[in-house]
Amino acid sequence: MKEIKLSFDINLTLKQYDVHWIEQQLLRLREEVFLNILWKVLREIEALAVGNRGRCEECGGLLVRNGREYKQIRTLVGALRYRRIRLRCRGCGREIYPLEM
Ligand SMILES: [Zn+2]
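Each value, and the rule that gives it
- Along each chain, the written sequence defines residue order, and numbers are assigned to residues from 1.
- Local features in this predicted model are restricted to residues of pLDDT 70 or higher, and side-chain atom pairs are both shown and tallied only at a pLDDT of 80 or more, whereas totals for entire chains, interfaces and linings draw on every residue.
- Only hydrogens and water are set aside when side-chain values are computed; all heavy atoms of the structure are taken into account.
- At least two bridges found by DSSP between two strands are what make those strands a pair.
- Secondary structure is summarised from DSSP: a helix means a run of H or I of at least four residues, a strand means a run of E of at least two, and numbering begins at the N terminus for each.
- Ring geometry is summarised as follows: Phe, Tyr and Trp rings, the Trp one being its six-membered ring, pair when their centres sit within 6.5 Å, and such pairs are stacked at plane angles under 30 degrees, edge-to-face over 60 and tilted between the two.
- The buried label goes to any residue with under 20% of its type's maximum accessible area, the exposed label to any with over 50%, and the partly exposed label to all in between, with areas taken from a 1.4 Å probe on protein chains only.
- The criterion for a charge sitting over a ring is simple: Lys NZ or Arg CZ within 6 Å of the ring centre, and within 35 degrees of the ring normal.

**Student:** Would you explain the pairing of strand β1 (residues 63–74) in this entry?
**Tutor:** It is a general feature of regular strands that their side chains alternate between the two faces of the sheet. Where β1 lies against strand β2 (residues 79–89), 10 bridges are found, and the strand directions are antiparallel. Across the sheet, K71 pairs through a bridge with Y82, a residue of β2. Between β1 and β2, which pair antiparallel and follow one another directly, the connecting turn spans four residues, one of which, G78, has a positive phi of 155°.

Shown next as structure tokens:
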């Protein structure tokens, strides 16, 4: 099992020191935070997969980076635009995406 550690900053301008106001601001931020975390997790998954998986499962050929593929991902809170990494096998020419969608 892999563990991914994520961290990022949230900028919250404190216009009021009112718990209800802060609560509303956080509710407003949650979609942005969700999509930001999802994006980071996907990037981490790809980085791990590209780092570990050097050979084609079919023919054992070397896998090389072959650009990225644009994807629009539907999530629970909205759409996320993501360009996933594409690999190509030098042996059989098969295209492989470390991230399944
Ligand atoms: Zn292959």
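What follows continues from the structure just given.
**Student:** Help me out: how do you make sense of the packing of aromatic side chains in this one?
**Tutor:** Aromatic rings considered in pairs are described by the distance between their centres and by the relative angle of their planes. Per the counting criterion, the structure on display carries one aromatic pair. When the centroid spacing of 6.4 Å and the interplanar angle of 70° are considered together, the rings of W39 and Y82 count as edge-to-face. Note that W39 is positioned in helix α1 (residues 19–52) and Y82 in strand β2, a separation of 43 residues in sequence. The partly exposed category is assigned to W39, whose relative accessible area is 35%. Geometry around Y97 places R84 over its ring, the cationic atom sitting 3.8 Å from the centre.

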